[in-house]
Amino acid sequence: MDSDMVLVMSAGSLVEYNHPYLLLKNSDGIFFKMVEQTGKSTAEALHKIAAECYKKYIDEDDEDDIYNKRASSVTDL
């Protein structure tokens, strides 16, 4: 959870790519479902860690810079 970005693949294809906190906001997403499968207390802890790391990530960078990082990271794949 203490990562800038998470890449989720299914059958060799990219299906999700974003900051863990943002991926966890999508309750229909694969990453969200994987985290929920860890059990209630672990999932809650992982959600909390992701939120804290995202806040730190946003505080360290200008929001526009974050979007530029994502765009360049996606093209590097």
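Fair warning: this is a prediction, and the values are worked out from it, not measured in the lab. (Residues numbered from 1 in each chain as written. Predicted model: local features only at pLDDT ≥ 70, side-chain atom pairs only at ≥ 80, totals over all residues. Heavy atoms only, no water.)

Undergrad: Account for the confidence of the model for the protein chain, naming residues and giving values.
TA: In this model, the protein chain carries an average pLDDT of 84, and 77% of its residues clear a pLDDT of 70 or more. Mean pLDDT across the elements of the protein chain bottoms out in helix H4 (residues 63-76) (50) and peaks in helix H2 (residues 30-36) (97). (pLDDT = per-residue confidence, 0-100. Helix = DSSP H or I, 4+ residues; strand = E, 2+ residues; numbered from the N terminus.)

Undergrad: Summarise the nonpolar core; cite the residues concerned and give the values.
TA: Considering soluble globular proteins, one finds that nonpolar side chains tend to be buried as a cluster. The biggest cluster of nonpolar side chains holds 9 residues, and these are Val6, Val8, Leu23, Leu24, Phe31, Phe32, Val35, Ala43 and Ala50. Mapped onto this core, the elements with two or more residues apiece are strand S1 (6-10), helix H1 (20-24), H2 and helix H3 (40-60). Every residue in contact with Val35, bar those within four places of it in the chain, is listed here: Met1, Leu24, Ala43, Leu46 and His47. (Core = buried A, V, L, I, M, F, W, Y, C linked by side-chain atoms within 4.5 Å. Buried < 20%, exposed > 50% of the residue type's maximum accessible area, 1.4 Å probe, protein only. Contact = heavy atoms within 4.5 Å.)

Undergrad: Give me the environment of Ala50: which residues, what numbers.
TA: Along the chain, Ala50 falls in helix H3. Distance in space between the C-alpha atoms of Ala50 and Tyr21 is 4.9 Å, their sequence separation being 29 residues. Discounting residues that sit within four places of it in the chain, Ala50 has contacts with Met1, His19, Pro20, Tyr21 and Leu24.

Undergrad: Talk me through the side chain of Glu16; I want residue IDs and the actual numbers.
TA: Topologically, Glu16 is positioned in strand S2 (residues 13-18). Here Glu16 occupies a buried position and makes no salt bridge, while the nearest side chain of opposite charge, Lys33, is found at 8.1 Å. Here Ile30 takes part through its backbone nitrogen, which lies 2.8 Å from a polar atom of the side chain of Glu16. Excluding anything up to four places from it in sequence, Glu16 contacts Val6, Leu7, Val8, Leu23, Asn26, Gly29, Ile30 and Phe31. (Lys, Arg positive; Asp, Glu negative; His and termini not counted. Salt bridge = Lys/Arg side-chain N within 4 Å of Asp/Glu carboxyl O. Polar contact = N/O pair within 3.5 Å; in protein donor to acceptor, adjacent residues only side chain to side chain.)

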